[in-house]
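Coordinate inspection notes
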Amino acid sequence: DKEHRHKDHKKDKEREKFKHSNSEHKEHSEKKHRDKDKERLKHSDSSSDKHRQKHKDRDKDKRREEKVCLWVVGMLLNEKLYMYRSPAGIKSEPEEDNGFYPSPQHNKSSRQEYDDEDPKKSSWNTTKRPKRGNMNKKGTDGKKVKKEEEEKWKWWEEERYTDGSKWRFLEHKGPVFAPPYEPLPGKVKFYYGGKPMKLSAPAEEVATFFAKMLDHEYTTKDIFRKNFFKDWRKEMTSEEKSVITDLNKCDFSEMSEYFKAQSEARKQMSKEEKQKIKEENERLLQEYGFCIMDNHKERIGNFRIEPPGLFRGRGDHPKMGMLKRRIRPEDIIINCSKDSKHPKPPPGTKWKEVRHDNKVTWLASWTENIQGSIKYIMLNPSSRIKGEKDWQKYETARRLKKCVDRIRAQYREDWKSKEMRIRQRAVALYFIDKLALRAGNEKEEGETADTVGCCSLRVEHIKLYPKLDDQEYVVEFDFLGKDSIRYYNKIPVEKRVFKNLQLFLENKQPEDDLFDRLNTSILNKHLQELMDGLTAKVFRTYNASITLQQQLKELTCSDDSIPAKILSYNRANRAVAILCNHQRAPPKTFEKSMQNLQNKIDEKQNQLSAARKQLKAAKADHKASHDDKSKKAVEMKRKAVQRIEEQLMKLQVQATDREENKQIALGTSKLNYLDPRISVAWCKKFGIPIEKIYNKTQREKFAWAIDMADKDYEF
DNA sequence: TGGATGACTTAGAACACCGCGC
DNA sequence: GCGCGGTGTTCTAAGTCATCCA
């Protein structure tokens with residue numbers, strides 16, 4: 001139970017509440033938004049337009065040729081072509097034979113300049129190219145200006161590739177490999193059957209992986225132990241193999257203690273030592289953590305190769321405990337441009353391959369040995385390449401908003417279809433839309449944990465109740481989704497859906513597929529026909545973002561204090577996290593920290609009643625004396641009461657927020673599902689500093705949204 | 001059509017760091 | 001100066017979805 005992070009009853013209720021209100025909101029707001037959409041179309045007033053308008057204004061002086069202006073306006077009007085289609089979808093655009101789509105604010109001459117630039121000219125020292133139009137800013141402090149400009153490169157104001165290529169020039173230094181294995185000191189012993197035993201280096205290394213995890217629940221699991229032991233034996237010498245035949249006779253405790261002591265020693269290191277390590281990390285970051293992509297220095301997301309260790313699958317993963325082998329340069333494929341300075345493999349080694357594929361975004365890749373899948377080194381979320389994709393994702397979701405009514409009407413109609421496959425497709429789509437379920441690809445049995453999504457739901461995952469409590473046609477879902485997180489929900493559905501489900505269940509065993517005539521490929525093909533670029537996951541993005549927007553409208557009170565507004569924001573965020581089933585294990589220190597906070601609240605309450613008493617006394621005093629001094633005293637006491645009240649409220653808000661957040665993870669939705677422009681607009685509208693909502697990393701990731709959304713932005 | 005593969009996004013946990021109160 | 005607790009960052013597993021190929 002614990003393992004699957006089953007939620008308590010209270011939480012289920014809470015979800016139910018949110019779901020319910022969510023669907024109500026949906027219907028209510030759909031009407032509202034339908035009207036608004038019409039309105040918007042009339043005025044051609046989408047936020048992207050506004051954004052472009054903003055930049056159009058800003059760059060006005062740069063654009064002198066009337067012709068060019070007309071062309072820009074043409075582009076603005078042609079927003080569907082320009083903004084909303086994926087680069088792959090607009091391959092054969094006339095005039096654009098260079099693979100770029102210009103941003104509205106760039107005239108032809110600037111584009112020419114860009115095209116003429118030779119990407120080969122870039123190097124590690126000369127990449128900080130100031131933005132076009134700012135070239136003349138270089139003065140005495142040219143370097144500084146240049147740096148600042150580059151640090152805030154607004155890629156969203158520039159051209160996009162439309163020929164499917166992701167870059168023209170890519171140069172990097174390759175990945176950082178895991179440090180080689182350092183054998184244990186002689187005094188740290190491994191025992192077999194109570195007797196010390198010296199292990200060969202390869203066997204010892206794998207043993208240390210297990211020893212490091214000794215305190216973890218993993219090492220108590222049979223599958224983990226079995227897989228580990230099998231792989232460990234492969235690393236042993238034949239002699240070791242003949243001796244070590246039973247994992248239960250192995251004693252890793254001395255090794256484990258040694259690592260704990262090491263970790264403790266690391267914590268106890270002097271400031272200087274810590275500083276030295278920090279500097280070394282910084283050096284590595286500076287050397288390997290960045291690449292040059294099309295004239296810009298971009299941060300790499302994961303430049304370190306995953307170190308060897310034991311595979312930690314989630315849930316009941318059949319491969320947990322297997323040895324994740326060490327990755328060597330000979331396993332690595334490097335991707336960079338032909339004309340770049342290729343990364344050098346460590347001395348005495350060579351890369352598996354060096355290729356120059358600009359249709360992909362990765363810099364290096366290798367095949368891991370557990371599932372045989374490919375792992376990549378890619379750019380940081382703040383990079384142009386990730387940001388563009390993110391922005392595009394939300395634009396697709398916004399397009400869905402425009403036609404979601406039609407799509408809903410269609411699937412409702414399809415519930416009545418004569419064809420079973422169409423009915424199944426329509427019911428599945430209803431679940432994906434209403435409950436924000438994932439698509440649910442098929443998985444190879446025995447290769448991964450048994451988890452499902454919508455299309456892969458089995459009969460055993462749902463229960464039907466014609467009547468439950470005071471509700472009719474209730475469906476109970478109970479299954480493990482991504483990361484083996486349990487999805488449990490009871491929802492009333494429409495009669496037709498219920499009847500269809502009864503039909504789908506007929507003559508089936510618990511382990512049979514609920515939607516036996518459906519898979520994600522069929523579903524997505526259908527969605528593609530309904531809207532260009534529509535897939536199952538777009539519904540999750542759309543429903544998450546629209547829910548945030550509605551909840552913010554509903555919960556925010558302009559008279560509230562900033563902490564109260566932030567609580568409203570967190571509650572809106574929470575509604576989305578519940579919808580998307582983003583859970584977390586309650587923090588280990590939760591109860592304790594909650595108690596500490598409660599103590600603070602109690603203390604503050606005592607302070608408040610004392611301050612109130614003092615105020616009362618001061619008032620009485622003033623009533624008796626009527627002098628200035630006593631009047632001043634009353635004012636002071638009143639202010640003190642006010643201050644304490646505010647402090648108390650702040651603490652109470654904090655406690656509420658924390659309690660409500662106990663098992664809910666807000667980060668995932670904030671980072672992946674919520675159109676950041678909604679949050680930015682909300683901040684601007686209610687005077688909330690953006691730092692209160694997004695931390696530094698998040699601000700970097702969403703720089704495009706922070707720059708372009710104004711207070712009136714509508715998703 | 002369906003399986004395999006590759007490229008990419010989404011996910012929670014673990015770890016690192018930093019500020020605050022004592 | 002130290003330890004605690006909370007937040008931010010990193011890590012890497014586990015999804016989605018498009019494309020290729022038989």
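Since the structure is predicted, the reported quantities are computational estimates derived from the model, not experimental observations.

**Quick notes on the overall build of chain A**
Each helix and strand counted, chain A has 23 helices and 17 strands in total. Every one of the 715 residues in chain A was classed for burial, and the buried ones make up 49%. Across chain A, contacts joining residues at least 24 apart in sequence account for 71% of those joining residues at least 6 apart. Total accessible area on chain A is roughly 38200 Å²; 50% of this is exposed by carbon and sulfur atoms.

**Considering the pattern of salt bridges**
Under the defined criterion, the tally for this structure stands at 37 salt bridges. In this structure, the salt-bridge partner of Asp450 is Arg458, at a minimum N-O distance of 2.7 Å. By relative accessible area, which is 48% here, Asp450 ends up partly exposed. Residues Glu460 and Arg458 are paired through a salt bridge, measuring 2.6 Å at the closest nitrogen-oxygen approach.

**Points about the sheet that holds strand β17 (residues 486–492)**
Strand pairing in a sheet is mediated by backbone hydrogen bonds. Such pairs are either parallel or antiparallel. Here 3 strands make up an open sheet; going across it, the order is β15-β16-β17 and the pairing antiparallel. Lying at the two open borders of the sheet, with one neighbouring strand each, are β15 (462–468) and β17. On average, adjacent strands in this sheet sit at an angle of 15 degrees to one another, irrespective of strand direction. Note: β15 against strand β16 (residues 471–480), 6 bridges, orientation antiparallel. If you follow Lys463 over to β16, its bridge partner there is Glu476. The strands that helix α14 (residues 495–505) touches are β15 and β16; relative to β15, the one it contacts most, it runs at about 135 degrees.

**Observations concerning the packing of aromatic side chains**
Evaluated as defined, the whole model comprises 30 aromatic pairs. For the pair Phe190 and Phe252, a centre-to-centre distance of 5.4 Å together with 45 degrees between the ring planes defines the contact as tilted. With Phe190 in strand β4 (residues 190–192) and Phe252 in the loop between β6 (250–251) and α10 (253–267), this pair connects stretches of sequence that are 62 residues apart. By the burial criterion, Phe190 is buried, and Phe252 matches it. For Arg160, the ring lying beneath its charged end belongs to Trp391, and the centroid distance is 5.3 Å. Positioned above the aromatic ring of Phe290, the side-chain terminus of Lys297 is 4.7 Å from the ring centre.

**As for the confidence of the model for chain A**
As a general rule, the predicted coordinates of low-pLDDT regions are not to be interpreted in detail. Overall, the predicted model of chain A reaches an average pLDDT of 79, with 77% of residues at or above 70. This stretch, residues 1–146, has a pLDDT under 50; its non-local contacts, to residues over four places away or in other chains, come to 238 contacts.

**Concerning unusual backbone geometry**
In the Ramachandran plot, Asp469 falls in the positive-phi region, its phi being about 55 degrees despite a non-glycine side chain. Here Asp469 lies in the loop between β15 and β16. The class for Asp469 is exposed, based on a relative accessible area of 70%. Here His626, not a glycine, exhibits a phi torsion of approximately 55 degrees, which is positive.

**Some details on the sheet that holds strand β11 (residues 333–335)**
Judged by pairing direction, the sheet is mixed, and its 4 strands sit side by side in the order β12-β11-β13-β14 without closing on themselves. Strands at the two margins of the open sheet, each flanked by one partner only, are β12 (353–355) and β14 (374–377). If you compare each strand with its neighbour and ignore which way they point, the axes differ by 20 degrees on average. Both β11 and β12 contribute to a ladder of 3 bridges, which runs parallel. Residue pairing for β12: Ile334 is matched across the bridge by Val354.

**Some words on the nonpolar core**
Ranked by internal contacts, the top residues of the largest apolar core, which has 80 residues, are Phe431, Phe477, Leu501 and Phe515. When residues no more than four places from it in sequence are discounted, the contact partners of Phe515 are Gln424, Val427, Ala428, Phe431, Cys454, Cys455, Leu457 and Phe504. Among the nonpolar cores identified, the runner-up in size contains 29 residues, and Phe210, Phe228, Ile244 and Cys250 belong to it.

Rules used in this analysis
- Residues numbered from 1 in each chain as written.
- Chains lettered and ligands numbered in written order.
- Predicted model: local features only at pLDDT ≥ 70, side-chain atom pairs only at ≥ 80, totals over all residues.
- Heavy atoms only, no water.
- Helix = DSSP H or I, 4+ residues; strand = E, 2+ residues; numbered from the N terminus.
- Buried < 20%, exposed > 50% of the residue type's maximum accessible area, 1.4 Å probe, protein only.
- Contact = heavy atoms within 4.5 Å.
- Areas by Shrake-Rupley, 256 points an atom, 1.4 Å probe, with all protein chains shown as cover.
- Salt bridge = Lys/Arg side-chain N within 4 Å of Asp/Glu carboxyl O.
- Pairing = 2+ DSSP bridges.
- Axes fitted to C-alpha atoms, helices over the stretch in contact; angles between N-to-C directions.
- Phe/Tyr/Trp six-rings, centres within 6.5 Å; stacked < 30°, edge-to-face > 60°.
- Lys NZ or Arg CZ within 6 Å of the ring centre and 35° of its normal.
- pLDDT = per-residue confidence, 0-100.
- Core = buried A, V, L, I, M, F, W, Y, C linked by side-chain atoms within 4.5 Å.

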